[in-house]
There are 2 protein chains.
Amino acid sequence: MPDSIEDLGWLFVLEPERGGLERQIYRQVLGAILDRRLATGTRLPATRVLAARLGVSRGTVVAAFDQLVAEGYLTARTGRGTAVAALPEELLRAPGESRGSSRRIPSLSRRAADFARARTRGGLEPRCFQSGMPSIDDFPRKEWARCLAARARTIRAADLTYDNGAGLPILREAIVMYLNRARGVVAHPDQVVVIPSSQAGFAVAALCVADPGDVIAMEDPGYHNARTLFVGAGAKVAPVPVDEEGIDVAALAAVSGFRLVAVTPSHQYPTGVTMSLERRLRLLDLASARGAFVLEDDYDSEFRYAERPIASLQGLDGGRNVIYMGTFSKSLAPGIRCAYLVLPESLAPAMALAAPGIGNVVSGPVQAALADFINEGYLTAHVGRMRSIYAEKSRILSETLEDSLPEGCTVPTPRGGLQLLVRLPDRADDVAICTSLAAIGIDARPLSALSVNAGGQGLFLGFALPRPEEIAPAARRLAEVVARHLREAR
Amino acid sequence: MPDSIEDLGWLFVLEPERGGLERQIYRQVLGAILDRRLATGTRLPATRVLAARLGVSRGTVVAAFDQLVAEGYLTARTGRGTAVAALPEELLRAPGESRGSSRRIPSLSRRAADFARARTRGGLEPRCFQSGMPSIDDFPRKEWARCLAARARTIRAADLTYDNGAGLPILREAIVMYLNRARGVVAHPDQVVVIPSSQAGFAVAALCVADPGDVIAMEDPGYHNARTLFVGAGAKVAPVPVDEEGIDVAALAAVSGFRLVAVTPSHQYPTGVTMSLERRLRLLDLASARGAFVLEDDYDSEFRYAERPIASLQGLDGGRNVIYMGTFSKSLAPGIRCAYLVLPESLAPAMALAAPGIGNVVSGPVQAALADFINEGYLTAHVGRMRSIYAEKSRILSETLEDSLPEGCTVPTPRGGLQLLVRLPDRADDVAICTSLAAIGIDARPLSALSVNAGGQGLFLGFALPRPEEIAPAARRLAEVVARHLREAR
């Protein structure tokens, strides 16, 4: 008898950005009952449990269930929870609606539910403090439109075939030159693979480096969507603690047989720690000794406010064990739909063939336009401009929070990136706080949702998207919500 | 001791389209020796074996090995084959070049080598009779450039965020209307997911429908690159025979627990058979009874020359168990980098979130331009125009082959699609014939490479790419090569 959300499978994949959550829950449960996917007598999870799992208020679930009870589809009995009612056979979708007499509705894989949940969290309409979002207002529309329109008008025969699956040579060259100047990355254009997104990069890395059952290590706390892709590729994921110097290499050394370790050395996701040079060298030594890859996810390293960016792992390594990943989602905008991997030299020929073999390809005109955008200096200029804008936004956020958050909360001095992590006292419930914040239009990600074994409660806040004048008022509203929760948790 | 190409792993991933195969082999072997990946004494495969595996002439491998022997990196002893020579320690890359004292070079996953091989075969420069390629000469450049340039200049804020991961609403609507008219597909735009390629579609379907170890059934002979993606997703692939009515549903029924069956009902890949209506209904019944999905790969169904297209499985099924896949690669050009899935209604909400969660996203302006291209009637007009051009090309190819191929070869009457399968007598060696054809610039795919248990020798030939006047002369050269091979095989 299914009694948890996992058992109900596809049932509750919600799209909060479309609104009408109560209606979505109502319709999905009703559809499942009529389709006989939920049989008579099946007990549904408690509304409190379900609401927590779905990240919606309990009232939303209660309202949906109440309507289904009122309409006779569910029965609610005190102490026995809510169950599917016994319904007249003719009400249910007749098996005759399909040709099979013993019709069974197919279901998705377990990993599909994880992919969908990752997307539900990440794919919201832009909201104040949404993490991972650059400033859309400051996007250089004119320059980008000019580059793309120019390339749209010049289509070569090679742009129409299956050629250049790993990326157009002109963009691979532009990326190498840009990364060399900006990040100390040392590579030949043949080592670059152009992909539609960082998500695709995690998938490509996991599929090309690990076979099912192989171990991939990652930071804990760490980037939850990377975990989803690694698990989806059949890998076992080993969480490794992070301290103030970055990933704990001694703990990593205790993970036997890892094929890949994914790290965010420039600006650890989500703690914001920069990996120390000594830790970098020890990590590369360990990867080299074990014959393992390091995936350097350098998602927002262009934006450092306190000091110059530290050299990339890829540059330190000479491109032997490191797969470097960067994206135009943060430096430009997610909607560009373009990211890239820089592969180790020895494996570049094979992996540059394998990556497009998985189908992660990017339209030629978009690639060519990006190359022009980089080569004409627009990217460097935009990043430089955004660096001071983001530094100012981060200063406003951290200062406002410092002034208004109750005692026991720790606000870091932002030194880079697009987001910061506020630590809360252990008695806080960061998931409940984020639910309350969502109700007032503020998007915060709970630290506990980014952790496996790592303890701690916190709020992960993006400061790049909101306009400067919106930040302080929203931060004060956020602080009030935190203060109320902490008072109640006393 | 490694003695086969499999054991050498990454070593021989060649890029024939870049030329200089001898040099590529020379450099990859030399690099592996200097990096200590091939240790002193390691015996290399026989040049004949290696050449056959790599699909290059034996002379190419011999020339590369000869140079390595002449330079002292390899030793060749009669009766003992070729082995890595004992080299002075200082010649090898010093372990000091890395920081690890016990440095080990990482290797790719087993599935990565398969992805790369799939790409090596598929990613060649366009060549006469290359399968899967539409006519590039006839691409409607002016109309496409106009649509794309117009959309490049109008960028909306929503085009810059993570929104619309499953595709722009305008394109999803255009696809649904087009498919309804052209293919009898019945769906709501929310059931459409836009992806960069059919390869991505196979990956998405396999990852979202099957967990590692689950069974995916497919046609035998069938589309080899789909198999690669299914295996890559951790599925067990069950080959199911194909007869003159399509996939053998009785044989499929004997496959226990399949979660997905991938078929090409309009125009079976590679045999060209159209699945009969009775077989379609039986297939849908079986899928329904088993709670399994049917992946309908409708890659080139727009092009039928003999009769009207038969209704899609998706339309027959009412969109309950069928995942329909189509692509603009055949109807327009592969370089567009856009394809789509139409999902079953009940699972669309979850799968439309899961698919972009894997990172397979397409740039907004390209999607918007495609929507305009469809809505302004350009796609329907282009497909109609190409239908008569391809019908004529297929007629020239089949008539010339009928006249010039030796006895025992069977040339089908082409009724649709972009390619046809010529059957050869059993004594033929289709791999050897394709190697000979490659040497004279003709691209043919051996039937045996598309088969698991299915017997038979044949040549799979694309007729859409070459210009009409090129087809007959190339077909006659092809027939001469086949005749020579068959004489020698007598």
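Trainee: With reference to specific residues and values, describe a positive patch on the surface.
Mentor: Residues and elements named next belong to chain A. On the surface, Arg427, Arg484, Arg487 and Arg490 cluster together into a patch of positive charge. Residue position: Arg427 is located in the loop between β11 (419-424) and α17 (430-439). Residue Arg427 is classed as partly exposed on the basis of its relative accessible area of 38%.

Trainee: Could you give me a rundown of the environment of A:Ala238, with the residues and numbers involved?
Mentor: Residue and element names in this part refer to chain A. Within the secondary structure, Ala238 is located in strand β5 (residues 236-243). With 22 residues separating them in the primary sequence, Ala238 and Ile216 have C-alpha atoms 6.1 Å apart. Once residues within four sequence positions are removed from consideration, Ala238 is found in contact with Val215, Ile216, Ala217, Met218 and Val255.

Trainee: If you had to explain the interface of chain A and chain B to someone new, which residues and values would you point to?
Mentor: The interface of chain A with chain B comprises 108 residues on the first partner and 109 residues on the second. Taken together, both faces of the contact between chain A and chain B bury some 9100 Å²; the carbon and sulfur share is 55%. Where chain A packs against chain B, one counts two salt bridges. Close ionic contact of A:Arg110 with B:Asp211 constitutes a salt bridge, the shortest N to O distance being 3.7 Å.

Trainee: Any chance you could break down the domain arrangement of chain A for me, citing the residues and the numbers?
Mentor: Residues and elements named next belong to chain A. Domain boundaries assigned for chain A yield domain 1 (9-91), domain 2 (112-133 + 386-488) and domain 3 (141-376). Centre-to-centre separation of domain 2 and domain 3, based on C-alpha positions: 26 Å. Counting from both sides, the interface comprises 31 residues of domain 2 and, opposite them, 25 residues of domain 3. Considering only the side of domain 2, the residues that lose the most area to domain 3 are Arg387, Arg415 and Leu450, jointly responsible for 25% of the buried surface there. In this assembly, domain 2 and domain 3 are joined by zero salt bridges. Inspection of the domain 2/domain 3 interface yields 13 residue pairs in polar contact (both at pLDDT 80 or more). Among the elements of the structure, α5 (110-122), α16 (378-404) and β11 are those that each provide at least two residues to the side of domain 2 that touches domain 3.

Trainee: Any details on the sheet that holds strand β11 (residues 419-424) of chain B? Residues and values, ideally.
Mentor: All names here are of chain B. The strand order across the open sheet built from three strands is β11-β13-β12, with neighbouring strands paired in antiparallel fashion. Of all the strands in the sheet, just β11 and β12 (445-446) have a single pairing partner and so form its edges. Relative to strand β13 (residues 457-462), β11 runs antiparallel, the two sharing six bridges. Bridged to Val422 within β13 is Leu459. In the packing of helix α17 (residues 430-439) onto the sheet, the strands contacted are β11, β12 and β13, and the crossing angle to β13 comes to about 35°.

Trainee: An account of the environment of A:Gln314 is needed here, citing residue identities and associated values.
Mentor: Residue and element names in this part refer to chain A. Structurally, Gln314 is set in helix α12 (residues 313-317). We classify Gln314 as buried; its relative accessible area is 0%. For the pair formed by Gln314 and Pro344, sequence separation is 30 residues and the distance between their alpha carbons is 8.6 Å. Not counting the four nearest positions on each side in its chain, Gln314 is found in contact with Val185, Val186, Ala187, Glu296, Gly319, Val322, Tyr324 and Val342.

Trainee: Got a sec to walk through the pattern of salt bridges? Specific residues and values, please.
Mentor: In this structure the tally under the stated criterion is 28 salt bridges over all chains. Across the salt bridge formed by A:Glu392 and A:Arg395, the nearest N and O atoms sit 2.7 Å from each other. Taken as a pair, A:Glu392 and A:Arg395 lie in helix α16 at a separation of three residues, close to a single helical turn. According to the relative accessible area criterion, A:Arg395 is partly exposed, its value standing at 35%. The partner of B:Arg259 in a salt bridge is B:Asp214, and the shortest N-O contact between them spans 3.7 Å. In this pair, B:Arg259 is assigned in strand β7 (residues 258-263) and B:Asp214 in the loop between α8 (198-209) and β4 (215-220), connecting sequence segments 45 residues apart. Exposure remark for B:Asp214: the relative accessible area of 21% places this residue in the partly exposed category.

Trainee: Give a description of the packing of helix α6 (residues 141-152) of chain B against helix α15 (residues 364-375) of chain B that names residues and reports values.
Mentor: Two measures define how a pair of helices packs: the angle their axes make with one another and the distance between the axes. Residues and elements named next belong to chain B. Between α6 and α15, the least distance of the axes is 8 Å, while the angle of their chain directions is 130°. If you check the angle between α6 and α15, you find them oblique. In this structure, α6 meets α15 at a crossing whose hand is right-handed. In this structure, α6 uses Glu143, Trp144, Cys147, Leu148 and Arg151 to contact α15, whose residues at the interface are Pro365, Val366, Ala368, Ala369, Leu370, Asp372 and Phe373. Taken together, the residues that form the contact of α6 with α15 break down as nine nonpolar, no polar and three charged.

Rules used in this analysis
Residues numbered from 1 in each chain as written. Chains lettered and ligands numbered in written order. Predicted model: local features only at pLDDT ≥ 70, side-chain atom pairs only at ≥ 80, totals over all residues. Heavy atoms only, no water. Patch = residues over 30% accessible without salt bridge, like charges linked within 9 Å, V, L, I, M, F, W, Y side chains within 5 Å. Areas by Shrake-Rupley, 256 points an atom, 1.4 Å probe, with all protein chains shown as cover. Salt bridge = Lys/Arg side-chain N within 4 Å of Asp/Glu carboxyl O. Lys, Arg positive; Asp, Glu negative; His and termini not counted. Charge placed at Lys NZ, Arg CZ, Asp CG, Glu CD. Helix = DSSP H or I, 4+ residues; strand = E, 2+ residues; numbered from the N terminus. Buried < 20%, exposed > 50% of the residue type's maximum accessible area, 1.4 Å probe, protein only. Contact = heavy atoms within 4.5 Å. Buried area = accessible area lost by both parts, 1.4 Å probe. Domains from an automatic or database assignment. Polar contact = N/O pair within 3.5 Å; in protein donor to acceptor, adjacent residues only side chain to side chain. Pairing = 2+ DSSP bridges. Axes fitted to C-alpha atoms, helices over the stretch in contact; angles between N-to-C directions. Parallel < 35°, antiparallel > 145°, perpendicular 65-115°, else oblique. Left-handed = near helix turned anticlockwise from the far one by under 90°. Nonpolar A, V, L, I, M, F, W, Y, C, P; charged D, E, K, R; others polar.

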